[in-house]
Every structure is written in structure tokens, then in C-alpha cells.
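# Structure at a glance
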Amino acid sequence: MIGINSINLEGYIAEIMSKSEYSSFENKVFITGHSRGAAVANLLAAELTASQKYAQKDNIYAYTFATPNVTNSTDVKIPSKYSNIWNFVNPEDYVPYIPLSVDGWDYWKYGTTIAFESWDGKAIASLNEKFRGITGNSFNDYSFSWHGAVQKLVKNLHKLAKTSNDFYDNEPWIIALGLYYSLDSFFYDLASYLSGDMKKSEITDILLTLTKSWHYSAIAWFFIGNSGIGDNVTYAHARETYIAWVQSTNASIQYSTKIKGFYARIACPVDVEVHDGTKLIGRIVNDIVDGSLPSNLSLTVIDDEKYIYLPPGGNYSLKMIGTATGTMDYTIESLDILTMQTTAEKSFNKVALQTGKTMISSINDDLDAPDVKLFVLDANGNPVSEVLPNGMEIPYSTTKYVGIFRWRTNHEANFRNWFKFIFLFGWLWMWFI
């Protein structure tokens, strides 16, 4: 049985249906909800769909917004079974990713999940316009340097709780609070604030205290970073935001359970430039993020490690310029932004560095992480060698033919030269015969 506010929803529906003159083959049921209401709606829709006691599956319509993950049942991964349930999520809202979908947790939603296009500039502009029309206020999103924050939150949470049991049982000692404080308690307090049961000053005091704990500091800073918990975090989750997204979304929305982004980690003494096509959209110089280049990227530096989130839809290139002698580790991950799970990754380890050495890596939606390559460039910006995952470099050459420049390996060039020789030899043989 599923209940909320002491009301047994299935019992309530049974009572209504008992008074109906229509049969279960004629009834149509519409279910919707937001946040905790969306969780109840998702579970109720799944239960009614499975039983078909009150209506047939094709007559049960469920549309949920900001739905948390609700179940670890194995049949949740059978899309066709719950194809009448649609879940709309804002990728910048942390609520739809709790509990986690990662290994050790494996929580999901029933039905098909659709992500709003928070990485698309035109969609964001339309969102702002619709939001202002609904509320009279400007939408307060994460700052441009903060995009990808939800993905970081999920990663940090998974570090603290590898399984769902850890979420409830792991209670690190918080010196400033003088108590053991579990992740379960932490998110319960956050939910209390979002639902209006806790004042902003109360939750802010808790978060500021938790920033002093190495267990919770990264998670706490997510909620108080930028302009504070009262603005960007709550705006990302607000009902008005989801209404504005629905109003601003056109027919080209991606009806997909998997939308791919990328996450890069570069550990070494290098400066980094991020280009989308020919446009420079992000830069890290001397371990400082250039804030004058607003984009939907996330650029973060911790010590000398650079973390870069690349949203879907771009034709990206990462250019890395050495600032000292040493080695570089570069990892690229394919990311399912609906679950924040890493679906594939590739690492380049112990790549030799010296001041001025320039490397480039191209990334776009047509590639998966294992397909990504890393090249060393000469002074003119042409590749001279390809870097292998173990850090070794193999020569790379450029050739011109049929009026078109293209890059190819020496092995390919040698093969073509032998092919031309065999073709010429065969032609001469035929001539003399």
C-alpha cells in the first residue's frame, strides 16, 4: 500500500472506482506529482499498471516532475513494461538523482525519464523568459562555473556511501556539532528545508558547520556555493522551474533514457583551453579558472587537478599546454546525465610533459570515451604524434592528396605506397604481355 499524509491512495482510488459506472476497460487514470509527490505518483502508477485492476495500461497516464529514484526492483529496467510513465527531470536539480543509481545502490524510477535541455543556450533563454512570466522574478541558476555541480555531488556522495546501507549506517563524528551525523540525517534536514519545515537560517548553520568536516565538506559546499541554498539549489528544484521548462520545451526534446555528457580530469602542471568548434568557451591558466568566458561547462581546480564537465551537444576540443616538466594523467568519462553514472572511461597515464608542450583531444556526442584520442601538436598546431594510454607516443604524419589535406599514420602511408607499387607493376606486366 502507498500512502501520503495518512491517506491510502490505493484505498482512495478503490473507493472512487466502486462508485463508478464504468469498467476497468473504460476507465482512464491520470497521475502526476512533483518531488515527493512525484515519487508517490511514480510508485502508484507502477502499481496500477502492474495490476491493471482499475484501468488498462494504455489508459493509465503518469507524468512526474523532479522524481527521486524510488525502487531497486529488477523489473524497473524493463522499459516496455512501464512505457506509460514519463518522468521529467532538470539535470541541474539534485533531487532526481537521490537515491543513487550507481553500483551498490541501483535505485531507479519506473518508466521513461526525459531530461530538460539545460545544456542548450536557447532552451535556457526560453526557460528564463517563461520563469519570469510565472513568478515575476529572474531565474537564478548555478553560475556558469558551477555547471556539472550535481554530477560532482553524486560522485562525492558515492565516495562516502558505496552502498545504500552505508547511507543510513555511516555516521562520522562531527566535532563542531559534537555528535554523530549520518547522511540519512543530512538529507532529511535538507528535505525538511525544501518542504518548508525548516528555516533557511537553520539549514545554513548546519551546512556551514559541515564544511569544517572532511566527510561532508564537498557535499555541504554544493548547497551553499555561489549565491546560497536559498537561491540556486531551490530554484533548480522549484515547481515553477519545471512548469517553465515544460512551457519552453519544443517538439525536438530528446525522448531518451540515455543522454551523454563527458567528464574530464587532468592532473598535471598544464594550462587548459576548451573549444567548441572554433570558439573558445573555457580556460584554466595557472590553476585559475577564467571567469570571463561564460558557458555551460563546469571548470574546477583542486590543487593541480582540473575537472571539466562537458554537456551534450558540443563539438569540443581540449587543448593542454605544459607549464613545467613532469608527467600528465588525463581521464575522460562518458556520462549518462540522467543517472550521473559513468558508462565508459579512458585514461592516458604518465604522459611526458615540458614547458610549452601542447596536446589536444577532441570530444563529441558521436564518440564514446574509449574512442577519444590524444595528440601532440607542433608549433603550427599540426599533430606530430599520437599518445597511447600508457603514455608512449607514436609518430604521426600529414599528407596531401587530391587537393585535400588529411592526417594519417605512417603505417597507412606505407600501405598506400605499396598498393601504388603493386598496381603500377601489374599495369606494366599487362602492357608487355
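Treat the numbers as computed from the prediction; the structure is a model and nothing was measured.

Criteria and cut-off values
- Residues numbered from 1 in each chain as written.
- Predicted model: local features only at pLDDT ≥ 70, side-chain atom pairs only at ≥ 80, totals over all residues.
- Heavy atoms only, no water.
- Helix = DSSP H or I, 4+ residues; strand = E, 2+ residues; numbered from the N terminus.
- Buried < 20%, exposed > 50% of the residue type's maximum accessible area, 1.4 Å probe, protein only.
- Contact = heavy atoms within 4.5 Å.
- Areas by Shrake-Rupley, 256 points an atom, 1.4 Å probe, with all protein chains shown as cover.
- Core = buried A, V, L, I, M, F, W, Y, C linked by side-chain atoms within 4.5 Å.
- Polar contact = N/O pair within 3.5 Å; in protein donor to acceptor, adjacent residues only side chain to side chain.

This paragraph deals with the overall build of the protein chain. Within the protein chain one finds eleven helices and 23 strands. Burial status across the protein chain gives 48% buried among its 433 residues. Counting only contacts in the protein chain whose residues sit at least 6 apart along the sequence, the fraction spanning at least 24 positions is 68%. Carbon and sulfur atoms form 56% of the exposed surface of the protein chain, whose accessible area is close to 22100 Å².

Let's shift gears to the nonpolar core. Counting 33 residues, the largest nonpolar core has Tyr94, Leu183, Phe186, Phe187, Ile219, Phe222 and Phe223 as the members making the most contacts within it. Within the residue set of this core, elements represented by two or more residues are helix 4 (149–160), helix 6 (183–194), helix 7 (200–210) and helix 8 (217–224). Among the elements that take part in this core, helix 4 stands out by supplying six residues, more than any other. Those residues in contact with Leu183 that lie beyond four places of it in its chain are Leu157, Leu160, Ala161, Phe167, Asn170, Tyr216 and Ile219. Counting residues in each nonpolar core, the second largest holds 30 residues, with Cys268, Ile308, Phe348 and Val376 among its members.

Let us look at unusual backbone geometry. The amide bond that connects Ile98 to the next residue, Pro99, takes the cis arrangement and shows omega of -15 degrees. Turning to its location among the elements, Pro99 is positioned in the loop between strand 5 (85–89) and strand 6 (112–115). In the Ramachandran plot, Ala66 falls in the positive-phi region, its phi being about 60 degrees despite a non-glycine side chain. On the basis of relative accessible area, Ala66 is assigned to the buried category, the value being 0%. Even without being a glycine, Asn286 presents a positive backbone phi close to 55 degrees.

Of note, Glu333 is situated in strand 16 (residues 326–336). The buried category is assigned to Glu333, whose relative accessible area is 12%. Reaching out from Glu333, the side chain makes a polar contact with the side chain of Thr342 at a distance of 2.7 Å.

So, about the environment of Glu273. As for its placement among the helices and strands, Glu273 is situated in strand 10 (residues 270–276). Residue classification places Glu273 among the partly exposed residues on the basis of a relative accessible area of 21%. With 17 residues separating them along the chain, Glu273 and Asp290 place their C-alpha atoms 9.8 Å apart. Not counting residues within four places of it along the chain, the set of residues in contact with Glu273 comprises Leu280, Gly282, Arg283, Ser317, Leu318, Lys319 and Ile321.

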